[in-house]
Amino acid sequence: MRIAFIGDIVGRPGRKIIKQHLQNIREKYKFDMVIANAENASHGFGLTVKNCQELLNSGIDVITGGNHSFDKKSEMFTLLETKPVLRPDNYPKGIPGTGIKVFDVNDEKLAVINLMGQFSMPTVENPFNWAVKLVDELHEKGVRNIFIDFHGEATSEKRVIFMMLKGLVSGVCGTHTHIGTDDLQVINGTAYLTDIGLTGCRDNVIGMDSKIPIEKATTGLGGHFTIPNSCKSILQMMVIDIEDGKAVDCFKLKKYCDKPDIIKTKAIFD
């Protein structure tokens, strides 16, 4: 199977570039499943029912989240009950929803796991021990095709989860920082990227209008972050070919709104 993972979709520009290009890219590269982190898809903070449906209609199959999953709490409660939407599975007990679902893809099982790191994040259970428990349970059920969206601030946490699970899952990709990294690799059949980077405005500050971040940096006074009405956007995704639970190929795609070509970067096999 071939799966694609899209990084933090930020506001209307992120949704727009997906609506304009994802279906064509999906057909060209023959994706069997598209997963996307969309916790910033609605005005940069959270996800609404309307915007969720827009993304699903645009070619996304599964949506993951993170620390902004519940910014629009009532709508997220509805989405978790009615749509293929995940929130970090290691949120404390009692939080609605789940961070793990198993899907049928080409007559095989694919588990999608959403986890959140600890550093500079809301209160969560230990993601490392939590991940091992989930993967062990999936293996006991015979599920070997496993993809993890690890939503974290610290690059070290993302690398740790990869080192712990290499050879045991098909892929691990980090989200949250909105800045893509260049360490795409495959070790022991596990594809890895520290952070896929945002899908949205690329010419501002992590998808947000630069005015308030600059004021905060220079004066210490914050304000309400907004999404620019006009910007240069980018669509970024990680693509993994999986056979018998192992990543046999992996590459990253970048589509710039103002450039005709799709940039493809192959993973290093170590």
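Report follows, based on the coordinates. Note that the coordinates shown come from a computational prediction; the quantities given were computed from them, not determined experimentally.

Comments concerning the overall build of the protein
Now for step 1: Tallying secondary structure elements over the protein gives six helices and 14 strands in all.
Now for step 2: Its C-alpha atoms give the protein principal-axis dimensions of about 50 × 45 × 35 Å.
Now for step 3: By the burial criterion, 56% of the 270 residues in the protein qualify as buried.
Now for step 4: Across the protein, every contact between residues at least 6 apart in sequence was considered, and the portion connecting residues at least 24 apart equals 64%.

A short note on the side chain of E39
Now for step 1: By secondary structure assignment, the location of E39 is in the loop between β2 (33–37) and α2 (49–57).
Now for step 2: Here N67 takes part through its backbone nitrogen, which lies 3.0 Å from a polar atom of the side chain of E39.
Now for step 3: A polar atom in the side chain of E39 sits 2.5 Å from the backbone nitrogen of H68.
Now for step 4: Those residues in contact with E39 that lie beyond four places of it in its chain are D8, F45, G46, L47, T64, G65, G66, N67, H68, S69, H151 and H176.

Digging into the packing of helix α1 (residues 11–29) against α2
Now for step 1: Contact geometry of α1 with α2 gives a least axis separation of 9 Å together with a crossing angle of 20°. Taken as axis vectors, α1 and α2 run roughly parallel relative to one another. The two elements α1 and α2 meet at a crossing, and its hand is left-handed. From α1, R15, I18, K19 and Q23 reach across to α2, where they touch N51, E54, L55 and N57.
Now for step 2: For the contact of α1 with α2, the per-class residue count stands at two nonpolar, three polar and three charged.

A closer look at the state of the cysteines
Now for step 1: The full count for this structure, using the stated rule, is one disulfide.
Now for step 2: This cysteine, C173, is not joined by any disulfide, and C250 carries the nearest cysteine sulfur, 8.4 Å off.
Now for step 3: Classification of C173 as buried rests on a relative accessible area of 0%.
Now for step 4: Of all cysteine sulfurs in the structure, the one in C231 sits closest to C257, which takes part in no disulfide; the separation is 7.0 Å.

A short note on the pairing of strand β11 (residues 233–243)
Now for step 1: Across the 11 residues of β11, 10 count as buried, placing the element largely inside the fold.
Now for step 2: Sheet topology places strand β1 (residues 2–6) next to β11; five bridges connect them, and they run antiparallel. By the bridge assignment, I3 is partnered in β11 with I240.
Now for step 3: Inspection of the sheet shows strand β10 (residues 200–201) paired to β11 by two bridges, in the antiparallel sense. The residue bridging C201 from the neighbouring strand is S233, located in β11.
Now for step 4: Relative to strand β12 (residues 246–256), β11 is paired through 10 bridges, and the arrangement is antiparallel. Paired with M237 across the strands is L253, a residue of β12.

Things to note about helix α5 (residues 155–165)
Now for step 1: For α5, the set of buried residues is E157, K158, I161, F162 and L165. Down the axis of α5, the sector holding all buried residues measures 140°, keeping them to one side.
Now for step 2: Those residues of α5 hidden inside the fold are in contact with α4 (127–140), β6 (145–151), β7 (171–175), β8 (185–187) and β9 (190–193).
Now for step 3: Once α5 finishes, G167 follows within two positions and takes phi at roughly 85°, a positive value.

Describing the nonpolar core
Now for step 1: Grouped together as the largest cluster of nonpolar side chains are 33 residues, with contacts concentrated most on I6, I60 and M237.
Now for step 2: Going through the elements one at a time, β1, α1, β2, α2, α3 (73–82), β11 and β12 are the ones with two or more residues in this core.
Now for step 3: Residue contributions to this core peak at five residues, all from α1.
Now for step 4: Core analysis: the next-biggest nonpolar cluster, separate from the first, contains 24 residues, V186, I196, M238 and A267 among them.

Section: the packing of aromatic side chains
Now for step 1: All told, the structure shown has seven aromatic pairs when counted by the stated rule.
Now for step 2: The interplanar angle of 50° and the centroid separation of 5.0 Å between the aromatic rings of F5 and F147 together place this pair among those described as tilted. Placement of the pair is F5 in strand β1 and F147 in strand β6, with a sequence separation of 142 residues.
Now for step 3: In this structure F147 comes out as buried when scored by relative accessible area, which is 1%.
Now for step 4: Centre to centre, the rings of F70 and Y91 are 5.5 Å apart; their planes meet at 75°, and the pair counts as edge-to-face. Of this pair, F70 sits in the loop between β3 (62–64) and α3 while Y91 sits in the loop between α3 and β4 (100–105), and the two are 21 residues apart along the sequence. The pair F70 / Y91 is uniform in exposure class, with both members buried.
Now for step 5: Here the guanidinium or amino end of K133 rests over the ring plane of W130, the centre of that ring lying 4.5 Å away.
Now for step 6: Across the ring face of F251, the terminal group of K264 is positioned such that the distance to the ring centre comes to 4.2 Å.

Cut-offs used in this document
- Residues numbered from 1 in each chain as written.
- Predicted model: local features only at pLDDT ≥ 70, side-chain atom pairs only at ≥ 80, totals over all residues.
- Heavy atoms only, no water.
- Helix = DSSP H or I, 4+ residues; strand = E, 2+ residues; numbered from the N terminus.
- Buried < 20%, exposed > 50% of the residue type's maximum accessible area, 1.4 Å probe, protein only.
- Contact = heavy atoms within 4.5 Å.
- Polar contact = N/O pair within 3.5 Å; in protein donor to acceptor, adjacent residues only side chain to side chain.
- Axes fitted to C-alpha atoms, helices over the stretch in contact; angles between N-to-C directions.
- Parallel < 35°, antiparallel > 145°, perpendicular 65-115°, else oblique.
- Left-handed = near helix turned anticlockwise from the far one by under 90°.
- Nonpolar A, V, L, I, M, F, W, Y, C, P; charged D, E, K, R; others polar.
- Disulfide = S-S within 2.5 Å.
- Pairing = 2+ DSSP bridges.
- Arc of directions from axis to C-beta.
- Core = buried A, V, L, I, M, F, W, Y, C linked by side-chain atoms within 4.5 Å.
- Phe/Tyr/Trp six-rings, centres within 6.5 Å; stacked < 30°, edge-to-face > 60°.
- Lys NZ or Arg CZ within 6 Å of the ring centre and 35° of its normal.

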